[in-house]
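Listed below are the residues making up each chain.
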Amino acid sequence: QVQLVESGGGLVQPGGSLRLSCAASGTIFSINAMGWYRQAPGKQRELVAATTSAGSTNYADSVKGRFTNSRDNAKNTVYLQMNSLKPEDTAVYYCNADITRFGYTPFINYWGQGTQVTVSS
């Protein structure tokens, strides 16, 4: 069994910062890409940022220069530092990871339960 547990969401004023964390637990052999998606009301879920095991990160254009995705591979944890937040960043943020539990099994895509981020004055 694998679980992704997020923390760090909340209410913040425009221009403020938040840091999200996501820890993967359970039987884990290796994690490939690990990052975040978000879904605003009435919109499709979209990629925010994802970092491969080699350290390469892909960002959505809307967050480039403001958000930083980083990983602690020893702790199977990913962090999303969000700066200069805007009202349009308001969404439920979901942790996402591609994990193989035993090395000889295929990578499976896992999701966290989601954490609410609200940017409002």
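Our subject is the structure that appears above.
Now for a look at the structure at hand. (Residues numbered from 1 in each chain as written. Predicted model: local features only at pLDDT ≥ 70, side-chain atom pairs only at ≥ 80, totals over all residues. Heavy atoms only, no water.)

**Side note on the overall build of the protein**
Turning to step 1, where the next piece is worked out: Counting secondary structure elements, the protein contains zero helices and 11 strands.
Turning to step 2, where the next piece is worked out: Across the protein, helices and strands are ordered from the amino to the carboxyl terminus as β-β-β-β-β-β-β-β-β-β-β.
Turning to step 3, where the next piece is worked out: Taken over the C-alpha trace, the protein has a radius of gyration of 14 Å; the compact-globule value for 121 residues is 14 Å, and the two agree within 12%.
Turning to step 4, where the next piece is worked out: Projected onto the principal axes, the alpha-carbon positions of the protein cover approximately 50 × 25 × 25 Å.
Turning to step 5, where the next piece is worked out: Residues classed as buried in the protein amount to 40% of the 121 residues present.
Turning to step 6, where the next piece is worked out: Pairs at least 24 residues apart make up 56% of the contacts formed inside the protein by residues separated by at least 6 positions.
Turning to step 7, where the next piece is worked out: Counting every atom, the protein has about 6400 Å² of accessible surface; 48% of that belongs to carbon and sulfur.
Turning to step 8, where the next piece is worked out: Of the side chains in the protein, 10 bear a positive and 7 a negative charge, and the two mean positions are spaced by 2 Å. (Helix = DSSP H or I, 4+ residues; strand = E, 2+ residues; numbered from the N terminus. Rg over C-alpha atoms; globule rule 2.2 N^0.38 Å. Buried < 20%, exposed > 50% of the residue type's maximum accessible area, 1.4 Å probe, protein only. Contact = heavy atoms within 4.5 Å. Areas by Shrake-Rupley, 256 points an atom, 1.4 Å probe, with all protein chains shown as cover. Lys, Arg positive; Asp, Glu negative; His and termini not counted. Charge placed at Lys NZ, Arg CZ, Asp CG, Glu CD.)

**Description of the packing of aromatic side chains**
Turning to step 1, where the next piece is worked out: For the structure shown, the criterion picks out three aromatic pairs.
Turning to step 2, where the next piece is worked out: Relative to tyrosine 104, the ring of phenylalanine 102 has its centre 5.9 Å away and its plane inclined at 20°; by these criteria the two rings are stacked.
Turning to step 3, where the next piece is worked out: Residue phenylalanine 102 is classed as partly exposed on the basis of its relative accessible area of 39%.
Turning to step 4, where the next piece is worked out: Judged by relative accessible area, tyrosine 104 falls into the exposed class, the value being 69%.
Turning to step 5, where the next piece is worked out: A network of ring pairs unites the aromatic residues Tyr37, Tyr94 and Trp111 as a single cluster.
Turning to step 6, where the next piece is worked out: Its end group placed over the ring of tryptophan 111, arginine 45 keeps NZ or CZ at 4.6 Å from the ring centre. (Phe/Tyr/Trp six-rings, centres within 6.5 Å; stacked < 30°, edge-to-face > 60°. Lys NZ or Arg CZ within 6 Å of the ring centre and 35° of its normal.)

**What to know about the layout of surface pockets**
Turning to step 1, where the next piece is worked out: Estimates place the volume of the largest pocket at around 150 Å³.
Turning to step 2, where the next piece is worked out: Considering the residues around the largest pocket, the lining is formed by Arg38, Gln39, Ala40, Lys43, Gln44, Glu46, Glu88, Thr90 and Ala91. (1 Å grid on protein atoms, 1.4 Å probe; cavity = no way out; pocket = protein on both sides within 12 Å on 5 of 7 lines; lining within 4 Å. Points joined across faces, edges and corners; volume = space filled by probe spheres on them.)

**A word on the pattern of salt bridges**
Turning to step 1, where the next piece is worked out: If you walk through the whole model with that rule in mind, you get four salt bridges.
Turning to step 2, where the next piece is worked out: Residues lysine 64 and aspartate 61 are paired through a salt bridge, measuring 3.1 Å at the closest nitrogen-oxygen approach.
Turning to step 3, where the next piece is worked out: For aspartate 61, a relative accessible area of 66% gives the class exposed.
Turning to step 4, where the next piece is worked out: Linked by salt bridges that have partners in common, Arg38, Glu46, Arg66 and Asp89 make up one network. (Salt bridge = Lys/Arg side-chain N within 4 Å of Asp/Glu carboxyl O.)

**Details of the side chain of arginine 38**
Turning to step 1, where the next piece is worked out: Inspection of the secondary structure assignment puts arginine 38 in strand 4 (residues 30-39).
Turning to step 2, where the next piece is worked out: For arginine 38, a relative accessible area of 6% translates into the label buried.
Turning to step 3, where the next piece is worked out: Reaching out from arginine 38, the side chain makes a polar contact with the side chain of glutamate 46 at a distance of 2.8 Å.
Turning to step 4, where the next piece is worked out: A polar contact is formed between the side chain of arginine 38 and the side chain of aspartate 89, at a distance of 3.0 Å.
Turning to step 5, where the next piece is worked out: The contacts of arginine 38, once residues within four sequence positions are left out, are Gln44, Arg45, Glu46, Val48, Ser62, Val63, Phe67, Glu88, Asp89, Ala91, Val92 and Tyr93. (Polar contact = N/O pair within 3.5 Å; in protein donor to acceptor, adjacent residues only side chain to side chain.)

**Let's talk about the pairing of strand 5 (residues 46-51)**
The side chains of a regular strand alternate between the sheet's two faces.
Turning to step 1, where the next piece is worked out: Where strand 4 lies against strand 5, five bridges are found, and the strand directions are antiparallel. Considered in strand 5, the bridge of tryptophan 36 is made with alanine 49.
Turning to step 2, where the next piece is worked out: Between the antiparallel neighbours strand 4 and strand 5 lie six residues, among them glycine 42 with a positive phi of about 80°.
Turning to step 3, where the next piece is worked out: With three bridges joining them, strand 5 and strand 6 (residues 57-59) adopt antiparallel strand pairing. Counterpart to threonine 51 in the pairing with strand 6 is threonine 57.
Turning to step 4, where the next piece is worked out: In textbook terms, the turn of a hairpin is the stretch between consecutive antiparallel strands, and for strand 5 and strand 6 this stretch comprises five residues, one of which, glycine 55, has a positive phi near 100°. (Pairing = 2+ DSSP bridges.)

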